[in-house]
Amino acid sequence: MTPDILCLGEPMLEFNQQPDGNYLPGHGGDTSNCAIAAARSGARVGYVTHVGADTFGNAFMDLWRAEGVDTSTVRQVTDAHTGIYFVTHGPAGHEFSYFRAGSASSRMGPDDLPVEALRSAKILHVSGISQAISPTAADAVFAAIDIVRAAGGRVSYDTNLRLKLWPIERARAITHAAMAKADIALPGLEDAHQLTGLEDPDAIADFYLELGAGVVALTLGAEGTLIATPGERRRIGGRQVTAIDATAAGDAFDGAFLARLVDGDDPFAAARYANAAAALSTLGYGAVAPMPRKGEVDAFLAEAD
């Protein structure tokens with residue numbers, strides 16, 4: 001399989017707190033989640049990363065293969081571990097605790113990139129987390145972006161701001177520089193407030209369009225998504241569900257949105273589908289398990305209409 005979409009970043013084993021206080025093991029990592037969400041929506045997807053030659057790394061290899069995500073650009077290394085994180089739930093929502101220092105993914109650099117696979121990709125998806133985990137990882141993302149763009153592919157970038165990983169000043173500098181090379185900007189509203197200093201969603205969309213994006217999909221939580229292009233913008237309403245766990249709703253949106261773009265949808269139709277996929281992904285615990293497949297999303301949209 002030659003992937004149309006390549007996602008690059010750090011997978012992490014997840015332990016998600018349940019109502020009884022115990023922790024449910026699962027799989028996470030924003031770009032890995034995105035890859036699986038895109039695959040479940042029918043896209044040909046591959047993943048670029050390093051994981052440990054350990055039990056957790058093996059679990060990810062098994063997961064990606066089971067989900068139809070190409071692993072030919074994944075490398076297992078013996079000198080570093082696979083990262084893990086914990087999710088707890090409280091009145092303010094979910095909270096993440098990470099144990100990722102020195103992880104295999106964080107040690108990736110530009111020389112580790114699969115150049116030919118990147119040249120063949122229609123879309124490269126990366127995120128702020130992909131760059132925040134280490135300076136060498138940040139450089140690897142910039143190098144991957146340049147390879148894809150030089151070959152005529154598109155770049156998708158989700159801000160996914162994590163201030164536990166880097167200070168806001170560095171986050172702004174790096175993400176703005178990356179967004180200036182992105183074709184598809186995928187900021188979340190709260191992230192964008194902090195990164196741009198702007199409050200109004202239309203002003204935020206204008207900010208990223210002016211950096212050079214051809215499509216901005218600004219996610220607004222339960223209110224849906226603002227889709228903006230240089231010639232048009234619309235708010236695509238969210239789908240109402242009784243959410244249980246929104247751990248990876250943004251990643252589910254990203255994967256579904258990119259899958260539909262690759263399949264030929266315009267960004268407005270892609271966002272309608274992706275909003276529904278993101279809503280359905282909140283109906284269970286964990287990042288991966290609740291992510292819907294295309295048939296489920298199509299049925300949900302038909303029922304809602």
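As shown above, the structure is provided for reference.
One numbering rule holds for all chains: residues counted from 1, following each sequence as written. Only residues with pLDDT of at least 70 get local features here, since the model is predicted, and only at 80 or more are side-chain atom pairs given and counted; chain-wide, interface and lining totals rely on the full set of residues. Water and hydrogen atoms play no part in the side-chain values, which are based on all heavy atoms of the structure.

Draft legend 1. Expanded view of the layout of surface pockets. Size it by volume and the largest pocket reaches roughly 1400 Å³. The way it works is a 1 Å grid over only the protein atoms, where trapped points that fit a 1.4 Å probe form a cavity and open points with protein on both sides within 12 Å along at least five of seven lines form a pocket, and then any residue with an atom within 4 Å of a point lines it. Looking at the largest pocket, it is lined by 49 residues, and the ones nearest its centre are His94, Ala246, Thr247, Ala249 and Gly250. Numbered from the N terminus, helices here are DSSP runs of H or I no shorter than four residues, and strands are runs of E no shorter than two. For the lining of the largest pocket, the elements supplying multiple residues, two or more each, are helix 1 (30–40), strand 8 (93–99), helix 7 (189–196), strand 12 (215–219), helix 9 (249–262) and helix 10 (267–280). Here the lining of the largest pocket takes five residues from helix 9, the largest share from any one element. Under the convention adopted here, Pro, Cys and the residues Ala, Val, Leu, Ile, Met, Phe, Trp and Tyr are nonpolar, Asp, Glu, Lys and Arg are charged, and Gly plus all remaining residues are polar. Of the residues contributing to the lining of the largest pocket, the split by class is 21 nonpolar, 16 polar and 12 charged. Grid points are joined across faces, edges and corners, and a volume is the space filled by probe spheres set on the points.

Draft legend 2. Spotlight on the packing of aromatic side chains. Side-chain rings of Phe, Tyr and Trp (the six-membered ring for Trp) are treated as a pair once their centres are within 6.5 Å; stacked means planes under 30 degrees apart, edge-to-face means over 60, and tilted covers the remaining angles. Across all of its chains, the model carries eight aromatic pairs by this definition. Judged by centre distance (5.9 Å) and plane angle (35 degrees), the rings of Tyr85 and Tyr98 are tilted. Note that Tyr85 is positioned in strand 7 (residues 83–90) and Tyr98 in strand 8, a separation of 13 residues in sequence. Partly exposed describes any residue whose relative accessible area lies between the buried limit of under 20% and the exposed limit of over 50%, with all areas from a 1.4 Å probe on protein chains only and scaled to the type maximum. Its relative accessible area of 4% is what places Tyr85 among the buried residues. Of the residues examined, Tyr98 reaches a relative accessible area of 22% and is grouped as partly exposed. Centroid distance Phe253 to Phe257: 5.4 Å. Interplanar angle 15 degrees. Geometry classified as stacked. Taken together, the residues Phe253 and Phe257, both in helix 9 and four residues apart, mark about one turn of the helix. Judged by relative accessible area, Phe253 falls into the buried class, the value being 3%. Phe257 sits in the buried class, given a relative accessible area of 0%. By the criterion adopted, a ring carries a charge over it if an Arg CZ or a Lys NZ lies within 6 Å of its centre and within 35 degrees of its normal. The aromatic ring of Tyr273 is capped on one face by Arg260, whose charged end is 5.7 Å from the ring centroid.

Draft legend 3. Structural context of the side chain of Ser32. Inspection of the secondary structure assignment puts Ser32 in helix 1. Residue class for Ser32 comes out buried when judged on its relative accessible area of 1%. Distance and chemistry together define a polar contact, namely a pair of N or O atoms within 3.5 Å, with one atom able to donate a hydrogen and the other to accept it when in protein, and with adjacent residues in sequence counting only for side-chain atoms on both sides. Within the structure, the side chain of Ser32 is placed 3.0 Å from the side chain of Trp64, a separation counted as a polar contact. Any pair of residues with heavy atoms lying within 4.5 Å of one another is described as a contacting pair. Beyond its immediate chain neighbours, meaning those up to four positions away, Ser32 contacts Pro11, Tyr47, Phe60 and Trp64.

Any functional reading would require information that these geometric values do not contain.
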